[in-house]
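Examination of the molecular architecture
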Amino acid sequence: MARPSRWSDERKATREQAEWIVRWLRENGPATTPQIIAALEQEGRDVRAHILQRALRRSPFIHQEGRQQGERGSVSVWVWRVEP
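Just so it is clear, the structure is predicted and the values come from calculations on it, not from any experiment.

1. Comments concerning the overall build of the protein
- The helix and strand inventory of the protein stands at 3 helices and 3 strands.
- Mapped in sequence order, the helices and strands of the protein form the string α-β-α-α-β-β.
- The dimensions of the protein, computed from C-alpha atoms along their principal axes, are 55 × 35 × 20 Å.
- Buried residues in the protein amount to 32% of all 84 residues.
- At a minimum sequence separation of 6, the contacts of the protein that also span at least 24 residues come to 43%.
- Split by element, the accessible area of the protein, about 6,400 Å² in all, is 46% carbon and sulfur.
- The distance from the centre of the 15 positive side-chain charges to the centre of the 11 negative ones in the protein is 8 Å.

2. A word on the nonpolar core
- In terms of nonpolar packing, the biggest core is built from 16 residues, with I21, W24, L25, I36 and L56 touching the most fellow members.
- Those elements giving two or more residues to this core turn out to be α1 (9-28), α2 (33-42) and α3 (49-58).
- Counting residues per element, this core draws most heavily on α1, at 6 residues.
- Ignoring anything within four residues of it in the chain, the contact list for L25 reads A31, I36, L56, I62, W78 and W80.

The rules behind each value
- Residues numbered from 1 in each chain as written.
- Predicted model: local features only at pLDDT ≥ 70, side-chain atom pairs only at ≥ 80, totals over all residues.
- Heavy atoms only, no water.
- Helix = DSSP H or I, 4+ residues; strand = E, 2+ residues; numbered from the N terminus.
- Buried < 20%, exposed > 50% of the residue type's maximum accessible area, 1.4 Å probe, protein only.
- Contact = heavy atoms within 4.5 Å.
- Areas by Shrake-Rupley, 256 points an atom, 1.4 Å probe, with all protein chains shown as cover.
- Lys, Arg positive; Asp, Glu negative; His and termini not counted.
- Charge placed at Lys NZ, Arg CZ, Asp CG, Glu CD.
- Core = buried A, V, L, I, M, F, W, Y, C linked by side-chain atoms within 4.5 Å.

And the structure:
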């Protein structure tokens, strides 16, 4: 019996979505969380919290630069940066 692949279609899609967020921040950052969500919606992509968190928290290139006041309160500002 063959062992199932650990890279299911859903897992591949999640990874691709997280990579898109990182790539978007590299080209368009720094940006707030609502700006990232708006970019996802504009591209017709699903906005899923766990994917957004994966991209922003787990990527070694994305850093929280600070916080600023948004429409609904304080929001995080994210930036793409390579640290030595």
